Amino acid sequence: MDSQTSIYFSTCLFTGPLASFLMSKISYRSVALLGAFLSSAGLLCIPFAPNILFIDIFYGVFTGLGFCFLYIPSSVLSGLYFDRRRSLATGIVQSGYGLGALVFPFLIHKLIEEYGWKGSIFIVNAINVHNFVFAALLRPIKSRVPKSPECERILQTFQNINIKRQHSSNSITQSNKIRVLLDFPFVIYFINNIIWNFGTEIGQDKRSTALAFTWCGIGSLFGSLAGGAFGSIKFVNRVILYTFANIFIGCFVFTFNISLFQTFVGLSLVNVLWSFSFGIVLGLLVVVTADILGTSRLSVGMGYIMFGNGIGNILGPPLAGWLRDEYG
């Protein structure tokens, strides 16, 4: 299912700005619920698909779009719910990526052995349906304000002001979306997200590849937690921490060319270290976006960051293939 996976990742990443646009028009919870519906519908239809084209549509487009609509609202809200411990909170949230990479390969392999690929998809979709519950639990930011008579009066005053300024507010929102692309630090950050999605292959067999995913899951899990924890320390500059994590990713990629690390043990070690650095980057992704743009433009920024990741995923494989043909 290489083509379906490629379409899935492309759809999931490139539709980030669409998710941000919808979040500015309807509630974050509504976008997440729409994502739960699309991803569940896409998975449910796969076993009944008559040919590959339909699988491309159901898995690649529907499921990819659904998971994008789930990821961005939940990631942005994890950064908006917290002030003092925002870095730690987002690091814990992003560590779910590593935990999933660690658990699901074994789970799906076992399910396929027991129930076949169609039966396994029904079970995976049953797990995915729980996203309706988690999406429904995404609270609006204003619901965190204590309910006292004085607060209620203040809220009512601000709501009346907001109603009168709705048209003006919409214009400001559109302006913010454009200004984000003119923010030089964010442009550098955007380019960084394109580049660190480039990649190539090193020709491992299926067993080694499966174990590599396991090591990557472990490293990413602890890296996200470490990035969130260190990023919450007052004297730690999160942008510098993010930058050094990117440098370490590059250094560990270089070690793949060293003969000492061509063994199974060596590659496993490099995978753990590489994925640990990647986990730090992943754990800091939301909070660094907030540090650069501010929380008011976080949702817009995350949409563009997802789009940048999509560009890297599309350009990386053909570029890596060309470099491999030219230089080995």
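Residues numbered from 1 in each chain as written. Predicted model: local features only at pLDDT ≥ 70, side-chain atom pairs only at ≥ 80, totals over all residues. Heavy atoms only, no water.

- Named according to an unreviewed UniProt entry, the protein is Major facilitator superfamily (MFS) profile domain-containing protein originating from Tegillarca granosa.
- If you open the UniProt record of the protein and go to Subcellular location (unreviewed entry), you find "Membrane". (UniProt positions renumbered as here; feature names shortened; annotations may be inferred.)

Describing the overall build of the protein
Point 1. If you tally the helices and strands in the protein, you get 13 helices and zero strands.
Point 2. Starting at the N terminus, the α and β elements of the protein follow one another as α-α-α-α-α-α-α-α-α-α-α-α-α.
Point 3. Among the 328 residues that make up the protein, the fraction classed as buried is 41%.
Point 4. In the protein, of all internal contacts separated by at least 6 residues, the share reaching a separation of at least 24 is 83%.
Point 5. As presented, the protein carries roughly 18,300 Å² of accessible surface, and 70% of it is formed by carbon and sulfur atoms. (Helix = DSSP H or I, 4+ residues; strand = E, 2+ residues; numbered from the N terminus. Buried < 20%, exposed > 50% of the residue type's maximum accessible area, 1.4 Å probe, protein only. Contact = heavy atoms within 4.5 Å. Areas by Shrake-Rupley, 256 points an atom, 1.4 Å probe, with all protein chains shown as cover.)

Some details on the nonpolar core
Point 1. Ile-72, Val-76, Phe-186 and Tyr-242 are the most contacted members of the largest nonpolar core, which totals 46 residues.
Point 2. Contributing elements (two or more residues each) for this core: α1 (2-14), α2 (16-25), α3 (28-45), α4 (52-80), α9 (184-195), α11 (238-254), α12 (264-293) and α13 (298-327).
Point 3. Discounting residues that sit within four places of it in the chain, Tyr-242 has contacts with Tyr-189, Asn-192, Asn-193, Trp-196, Val-281, Leu-284, Leu-285 and Val-288.
Point 4. Of all hydrophobic cores here, the second largest spans eight residues; its members include Leu-43, Ile-46, Ile-55 and Phe-58. (Core = buried A, V, L, I, M, F, W, Y, C linked by side-chain atoms within 4.5 Å.)

Regarding the pattern of salt bridges
Side chains that differ in sign of charge can pair as their charged atoms come close.
Point 1. Here the structure, examined in full by the defined rule, presents four salt bridges.
Point 2. A salt bridge links Asp-83 to Arg-86, with the shortest nitrogen-to-oxygen separation between them at 3.2 Å.
Point 3. Owing to a relative accessible area of 14%, Arg-86 belongs among the buried residues under this scheme.
Point 4. Asp-291 is the partner of Arg-238 in a salt bridge, and the nearest nitrogen-oxygen pair spans 2.7 Å. Placement of Arg-238 in helix α11 and of Asp-291 in helix α12 is noted, with a sequence separation of 53 residues between them. (Salt bridge = Lys/Arg side-chain N within 4 Å of Asp/Glu carboxyl O.)

Some thoughts on the environment of Phe-307
Point 1. With respect to the helices and strands, Phe-307 occurs in helix α13.
Point 2. Considering only alpha carbons, one finds Phe-307 and Thr-11, 296 residues apart in sequence, at a separation of 9.6 Å.
Point 3. Apart from the residues within four sequence positions on either side, Phe-307 is in contact with Leu-13, Phe-14, Pro-17 and Phe-190.

Structural notes on the packing of aromatic side chains
Point 1. On inspection of all chains with the given rule, the structure shows 14 aromatic pairs.
Point 2. Between Tyr-8 and Phe-9, the ring centres sit 5.1 Å apart and the planes meet at 70°, which makes this aromatic pair edge-to-face.
Point 3. Ring plane angle 55° and centroid distance 5.8 Å describe the contact between Tyr-97 and Phe-278, whose orientation is recorded as tilted. Here Phe-278 lies in helix α12 and Tyr-97 lies in helix α5 (residues 86-128), a separation of 181 residues in the sequence. (Phe/Tyr/Trp six-rings, centres within 6.5 Å; stacked < 30°, edge-to-face > 60°.)

Re the side chain of Asn-309
Point 1. Within the secondary structure, Asn-309 sits in helix α13.
Point 2. Residue class for Asn-309 comes out buried when judged on its relative accessible area of 7%.
Point 3. For Asn-309, the residues in contact, after removing those within four places along its chain, are Leu-13, Asn-193, Trp-196 and Asn-197.

Thoughts on the packing of α9 against α13
Point 1. At a minimum axis distance of 7 Å, the contact between α9 and α13 shows a crossing angle of 35°. Once α9 is placed against α13, the crossing between them reads as right-handed. Within the contact between the two elements, α9 uses Phe-186, Tyr-189, Phe-190, Asn-193 and Ile-194 and α13 uses Gly-301, Tyr-304, Ile-305, Phe-307, Gly-308, Asn-309, Ile-311 and Gly-312.
Point 2. Partitioned by chemical class, the residues of the contact of α9 with α13 number eight nonpolar, five polar and no charged. (Axes fitted to C-alpha atoms, helices over the stretch in contact; angles between N-to-C directions. Left-handed = near helix turned anticlockwise from the far one by under 90°. Nonpolar A, V, L, I, M, F, W, Y, C, P; charged D, E, K, R; others polar.)

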